[in-house]
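Secondary and tertiary structure notes
Listed below are the residues making up each chain.
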Amino acid sequence: MNLSNLEVEINPDYTMMKKVNKTIYLSQEQIDILESYNIDYKSCSSLNEIINQLEMILDETDEDIVSNLLDVLSERNYYENYKK
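Sequence positions are assigned chain by chain, starting from 1 and proceeding in written order. Only residues with pLDDT of 70 or above have their local features reported here, since the model is predicted, and side-chain atom pairs are shown and tallied only from 80 upward, although totals for entire chains, interfaces and linings are computed over all residues. In computing side-chain properties, one takes all heavy atoms of the structure into account and sets aside hydrogens as well as water.

**Section: the nonpolar core**
Where we set the bar: Throughout this description, the term nonpolar core refers to a set of buried Ala, Val, Leu, Ile, Met, Phe, Trp, Tyr and Cys residues connected via side-chain atoms within 4.5 Å. Remark: exposure states derive from per-residue accessible area (1.4 Å probe, protein chains only) relative to the maximum for the residue type, with buried under 20%, exposed over 50%, and partly exposed in between. The helix and strand labels rest on DSSP assignments: H or I over at least four residues marks a helix, E over at least two residues marks a strand, and numbering proceeds from the N terminus. We call two residues in contact whenever any of their non-hydrogen atoms come within 4.5 Å of each other.
In terms of nonpolar packing, the biggest core is built from 17 residues, with L26, L34, I50, L54 and L73 touching the most fellow members. Contributing elements (two or more residues each) for this core: helix 2 (28-36), helix 3 (47-60) and helix 4 (64-81). Setting aside residues up to four positions removed in sequence, L26 forms contacts with M16, M17, K18, V20, I31, L34, Y41, L47, I50, L73 and R76.

**Digging into the packing of aromatic side chains**
Our working rule: Two aromatic rings from Phe, Tyr or Trp, using only the six-membered ring of Trp, form a pair when their centres are within 6.5 Å; if the ring planes differ by under 30 degrees the pair is stacked, by over 60 it is edge-to-face, and anything between is tilted.
By the definition in use, this model includes 2 aromatic pairs. Geometrically, the ring pair formed by Y78 and Y79 is edge-to-face, given 5.1 Å between the ring centres and 80° between the ring planes. Residue classification places Y79 among the exposed residues on the basis of a relative accessible area of 54%. Among the aromatic side chains, those forming a connected cluster through ring pairs are Y78, Y79 and Y82.

**Brief notes about the side chain of R76**
For R76, the location among the structural elements is in helix 4. Setting aside its immediate chain neighbours within four residues, R76 contacts M17, Y25, L26, Q30 and L47.

What follows is the structure in structure tokens.
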């Protein structure tokens with residue numbers, strides 16, 4: 001496998017976390033995914049609310065992108081919001 005021609009686009013504006021309301025930070029990538037599934041992330045007061053909505057969608061569909069986003073947000077929620 002020749003990796004010398006492999007090009008990777010790096011776009012920090014797409015992956016950097018941005019404040020979307022008083023308590024939630026999301027990347028543009030995450031926002032795009034949430035919007036594609038009609039999740040109103042701006043009205044959510046916590047990551048838990050977004051996670052709950054993603055879990056409901058995952059119950060209805062078996063989309064890898066939803067599962068991946070759910071994993072990322074759940075892990076972040078754990079490290080940011082639970083006492084260790």
